[in-house]
Amino acid sequence: MDLSFSFIIPVYNRPNEIKELLDSLRLQTYEKTFEVVIVEDGSTISSEDVIGEYLDSVSISYYKKPNSGPGDSRNYGMGRAKGNYFIVLDSDCILPPEYLKVVAESLKENFVHCYGGPDAAHQSFTVVQKAINYAMTSFLTTGGIRGGKKAVDKFQPRSFNMGISKEAFENVGGYGNIHPGEDPDLTIRIWNKGYRTKLISSAFVFHKRRIDWNKFYIQVNKFGMVRPILNLWHPETKKITYWFPTVFCIGLLISILLAFVGFKILLYFYAIYFLVLFIDALHVTGNLKVAFLSLMATVIQFFGYGYGFLKSTLYINLSNKKPEEIFPKLFFRVN
């Protein structure tokens, strides 16, 4: 298959991020031409002036539309892209110069209609960004589901760094209107159509995640809330491991209460886990402050996701309403 690549990038009120991303796209070592499709998703702070600075150096197709969420905006961009293989990125990503070359070589060697790549922390990131990146990517916290796990039968790409062929996009109908959760929903429907996915571990991006602790909690809480919805839609994908953050948090609270009455064994196990986590974070990041903050990021991640998962599970199973009625804020209205 002669591949023609189109990057699909929805943006919402983030012109500075688009500038950094376009800088990295301009430095790609891939020798063939490629298209960059930017979809302004109802922004009140336009990226048009920033994009205008790159029109002579990058092949850009720029569109504006009313706000309808990232999934629908990606569909909008892919429906208008000129290439036959789409690479979906978040606007807060920066690509290493070899990114597209690595992707093209991997697909030439072993073609799949959908791939995903990991995210990494750039050395310029803040200590909080690095700590959050560790918590969201470490095997000790997420099992490596966001790109660090190599031994998987079916890798689930995430749309901060995901490729999908035009054929597969058209066959499955693109993203749904749930957010977050649109990534696994799309991947499952891709599998159900008989397409394979794979991880290209060397096709990483620097994912900035411009968020503070409160926004991080809100984000992971939503991740937990959408998982039971996906389990309802795709019951064949249910896993007992999705309960881990909830069980972890309940166990931690119980172990603290038991410690007050002299039973400290359970708390010791948690202490060992956090010690191992700290040592690994220090080894991975090489920064003592980041390692300490990684413990905080992990606790926030587990409690946010665990509470969201438990709440959503109870609401869905005890209510006769559809998820769209129970959690309307998790769904965008498609234009």
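Above this text is the structure in question.
Residues numbered from 1 in each chain as written. Predicted model: local features only at pLDDT ≥ 70, side-chain atom pairs only at ≥ 80, totals over all residues. Heavy atoms only, no water.

The next thing to look at is the sheet that holds strand E2 (residues 35-41). The strand order across the open sheet built from seven strands is E3-E2-E1-E4-E8-E6-E9, with neighbouring strands paired in mixed fashion. A strand with exactly one partner marks an edge of an open sheet, and here the two such strands are strand E3 (59-65) and strand E9 (197-199). On average, each strand axis in the sheet is tilted by 20 degrees relative to the strand beside it, whichever way the strands run. Pairing analysis gives seven bridges linking E2 to E3, with the strands arranged parallel. Looking across to E3, one finds that Val36 is bridged to Ile60. Against the sheet, helix H1 (residues 15-26) contacts strand E1 (5-11), E2, E3 and strand E4 (85-89), and its axis sits at roughly 170 degrees relative to E1. (Pairing = 2+ DSSP bridges. Helix = DSSP H or I, 4+ residues; strand = E, 2+ residues; numbered from the N terminus. Axes fitted to C-alpha atoms, helices over the stretch in contact; angles between N-to-C directions. Contact = heavy atoms within 4.5 Å.)

Scanning the entire structure with this criterion turns up one cavity of 30 Å³ or more. The volume enclosed by the largest cavity comes to roughly 40 Å³. Grouping the amino acids of the lining of the largest cavity by side-chain chemistry returns four nonpolar, six polar and one charged. (1 Å grid on protein atoms, 1.4 Å probe; cavity = no way out; pocket = protein on both sides within 12 Å on 5 of 7 lines; lining within 4 Å. Points joined across faces, edges and corners; volume = space filled by probe spheres on them. Nonpolar A, V, L, I, M, F, W, Y, C, P; charged D, E, K, R; others polar.)

Of note, Tyr99 is situated in helix H4 (residues 99-109). Setting aside its immediate chain neighbours within four residues, Tyr99 contacts Phe7, Gln28, Ile87, Tyr115, Asn161, Ala203, Phe204 and Val205. Only 2.9 Å separates the side chain of Tyr99 from the side chain of Tyr115, close enough to count as a polar contact. (Polar contact = N/O pair within 3.5 Å; in protein donor to acceptor, adjacent residues only side chain to side chain.)

Time to look at the packing of helix H5 (residues 127-137) against helix H9 (residues 213-233). One way to put it is that H5 packs onto H9 with a least axis distance of 12 Å and a crossing angle of 20 degrees. On the basis of the axis angle, H5 is roughly parallel to H9. The chirality of how H5 crosses H9 is right-handed. Facing H5, whose interface residues are Val128, Ile132 and Met136, H9 presents Trp213, Phe216, Gln219 and Phe223. Residues that form the contact of H5 with H9 fall into these classes: six nonpolar, one polar and no charged. (Parallel < 35°, antiparallel > 145°, perpendicular 65-115°, else oblique. Left-handed = near helix turned anticlockwise from the far one by under 90°.)

On to helix H11 (residues 265-285), then. With 21 residues, H11 extends 30 Å from end C-alpha to end C-alpha; this agrees with the ideal 30 Å at 1.5 Å per step. All of the buried residues along H11 are Tyr270, Tyr273, Phe274, Leu277, Phe278 and Ala281. Seen along its axis, H11 keeps its buried residues to an arc of 140 degrees; they face one direction. H11 presents Tyr268, Phe269, Ile272, Ile279 and His283 as exposed residues on the side facing more than 90 degrees away from its buried surface. Close packing links the buried residues of H11 with H5, helix H6 (139-142), helix H10 (244-260) and helix H12 (288-318). Phi for Gly286, located one or two positions after H11, is positive at around 70 degrees. (Expected span 1.5 Å × (residues − 1). Buried < 20%, exposed > 50% of the residue type's maximum accessible area, 1.4 Å probe, protein only. Arc of directions from axis to C-beta.)

Below, the discussion takes up the packing of aromatic side chains. Taken as a whole, this structure holds 20 aromatic pairs when the rule is applied. Where Phe7 meets Phe34, the ring centres are 5.4 Å apart and the plane angle is 75 degrees; that geometry is what we call edge-to-face. Of this pair, Phe7 sits in strand E1 while Phe34 sits in the loop between H1 and E2, and the two are 27 residues apart along the sequence. Given the relative accessible area of 0%, Phe7 is considered buried. The buried category is assigned to Phe34, whose relative accessible area is 15%. An aromatic cluster is present here, built from Phe244, Phe248, Tyr270, Tyr273, Phe274 and Phe302 joined pairwise through their rings. (Phe/Tyr/Trp six-rings, centres within 6.5 Å; stacked < 30°, edge-to-face > 60°.)

The next thing to look at is the nonpolar core. Membership of the largest hydrophobic core comes to 35 residues, with the highest contact counts inside it found for Phe5, Phe7, Val36 and Tyr99. Secondary structure elements with two or more residues in this core: E1, H1, E2, helix H2 (48-52), E4 and H4. The leading source of residues in this core is H4, at six residues. Among residues more than four places away in sequence, those in contact with Phe7 are Leu25, Phe34, Glu35, Val36, Val37, Ile87, Leu89, Leu95, Tyr99 and Leu100. By size, the runner-up hydrophobic cluster in this structure holds 17 residues, among which are Val39, Phe86, Val88 and Val172. (Core = buried A, V, L, I, M, F, W, Y, C linked by side-chain atoms within 4.5 Å.)

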